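Residues per chain are reported as follows:
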Amino acid sequence: MVNTDQSPAAREARRPMSPHLQVYRFALTMAMSIAHRITGVGLYAGTLLLAWWLVAAATDAASFANVSWFMGTIIGRLVLFGFTWALFHHLLGGLRHFVWDLGYGMDHPEREYLAQGTLIGAIVLTVVVWIIAYVVS
Amino acid sequence: MSNNPSSIRTAAAKVRHLGSAHAGTHHAWRMRITSLALVPLTIAFVWVVVSLIGKDHATVRATLGHPFVAILMLLFLPTGVYHMMLGMQTIIEDYVHGEHAKTFSLMANMFFCAIIGLACIYAILRLSFV
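Residues numbered from 1 in each chain as written. Chains lettered and ligands numbered in written order. Predicted model: local features only at pLDDT ≥ 70, side-chain atom pairs only at ≥ 80, totals over all residues.

What follows covers the overall build of chain A. Along its length, chain A carries five helices and zero strands. N-terminal to C-terminal, the α/β element order of chain A is α-α-α-α-α. Taking 137 residues into account, the globule formula puts the C-alpha radius of gyration at 14 Å, and chain A, at 22 Å, lies well above it. Principal axes of the C-alpha set define a box for chain A whose edges measure 75 × 40 × 25 Å. For chain A, with 137 residues in total, the buried portion stands at 23%. For chain A, contacts bridging at least 24 residues in sequence account for 68% of all contacts bridging at least 6. (Helix = DSSP H or I, 4+ residues; strand = E, 2+ residues; numbered from the N terminus. Rg over C-alpha atoms; globule rule 2.2 N^0.38 Å. Buried ≥ 20, exposed ≤ 12 C-beta atoms within 10 Å, placed from the backbone. Contact = placed C-beta atoms within 7 Å.)

See below:
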């Protein structure tokens, strides 16, 4: 039965649609793609903390004490931990993009290895940096 | 493609090589250049931050104001802020479709990045020279 309703809303509903997220089987590479973007947004917001830290250090001891206190709280540490992870995830994701830019790693097993390497590598680097940070401080 | 007689692209458009967005590949290319620069700069930045954890104000001041660290930060900060401005621009262009909302978001992105970038650079310069 062909819908012959020519109203704009009905025409819009019949418009051919391109397939989107809901029709695809989950793949690690798609999750890594959006994770790259989300970590980028997280780092974008995180620069507020970086600016606060640097400006406070440049202002006076009292301002620096405030930012140091916040970074030392549980919430501050969680935010910094998340920032560290986002930084490494985004960094390794960027390296993955360089591999693709050079024309490698786009076929089936390689792209899965790259995705797993990025995911695991970022977690390992984050934990290693935090262990070093606790050891030196 | 360029020799296709049925192409409606003008000769001038082909020479300018800017495509339908009138911006060519500058955005994508600058993203690559800043990415490449940020690989060593980010590792160095993490090194600096980790070395300053738990240190008192005087030590942090002295380290960030040290020429080697300050130059490193002055390379890292504008490169990172420019990179994130380009990235957020792409996200806005992908998800914000209303013309007014898009223009406003793109402007807000530039203002945010300008404020963050200038604040960080000013702080490093002040730590270096005051």
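Contacts between the two partners involve 23 residues from chain A, matched on the other side by 25 residues from chain B. Considering every element that reaches the side of chain A that touches chain B, the biggest residue donor is helix H2 (residues 28-59) of chain A, with twelve residues. Of the residues in the side of chain A that touches chain B, the class split is 17 nonpolar, four polar and two charged. (Nonpolar A, V, L, I, M, F, W, Y, C, P; charged D, E, K, R; others polar.)

For Val60 of chain B, the position within the fold is in helix H3 (residues 57-65). Between the C-alpha atoms of Val60 of chain B and Ile91 of chain B, which are 31 residues apart in sequence, the distance is 35 Å. Ignoring sequence-local partners within four residues, the contact set of Val60 of chain B consists of Ala57 and Phe64 of chain A together with Leu52 and Lys55 of chain B.

What follows deals with the packing of helix H4 (residues 74-101) of chain A against helix H5 (residues 108-136) of chain A. All names here are of chain A. Taken N-terminus to C-terminus, the directions of H4 and H5 make an angle of 145°; their axes are 8 Å apart at the nearest point. Where H4 crosses over H5, the handedness of that crossing is right-handed. On H5, the residues touching Phe81, Thr84, Trp85, Phe88, His89, Leu92, Gly93, Arg96 and Val99 of H4 are Leu114, Thr118, Gly121, Ala122, Leu125, Thr126, Val129 and Trp130. A per-class count over the contact of H4 with H5 returns ten nonpolar, six polar and one charged. (Axes fitted to C-alpha atoms, helices over the stretch in contact; angles between N-to-C directions. Left-handed = near helix turned anticlockwise from the far one by under 90°.)

As a further point, take the confidence of the model for chain B. Any region with low pLDDT has predicted coordinates that should not be read closely. Residues and elements named next belong to chain B. Here chain B shows a mean pLDDT of 91. Residues at 70 or above account for 96%. Looking at the elements of chain B, mean pLDDT is at its lowest for helix H1 (residues 11-16), recorded as 80, and at its highest for helix H5 (residues 99-129), recorded as 97. Both confidence scores are given for the complex: pTM 0.86, ipTM 0.86. (pLDDT = per-residue confidence, 0-100.)

Residue and element names in this part refer to chain A. Helix H3 (residues 61-72) packs onto H2 with a crossing angle of 150° between their chain directions and a minimal axis gap of 6 Å. One element, H2, and the other, H3, form an angle in the roughly antiparallel class. Our pair here, H2 against H3, has a crossing hand that is left-handed. From H2, Trp52, Trp53, Ala56, Ala57 and Thr59 reach across to H3, where they touch Ser63, Phe64, Asn66 and Val67. Taken together, the residues of the contact of H2 with H3 break down into six nonpolar, three polar and no charged. (Parallel < 35°, antiparallel > 145°, perpendicular 65-115°, else oblique.)

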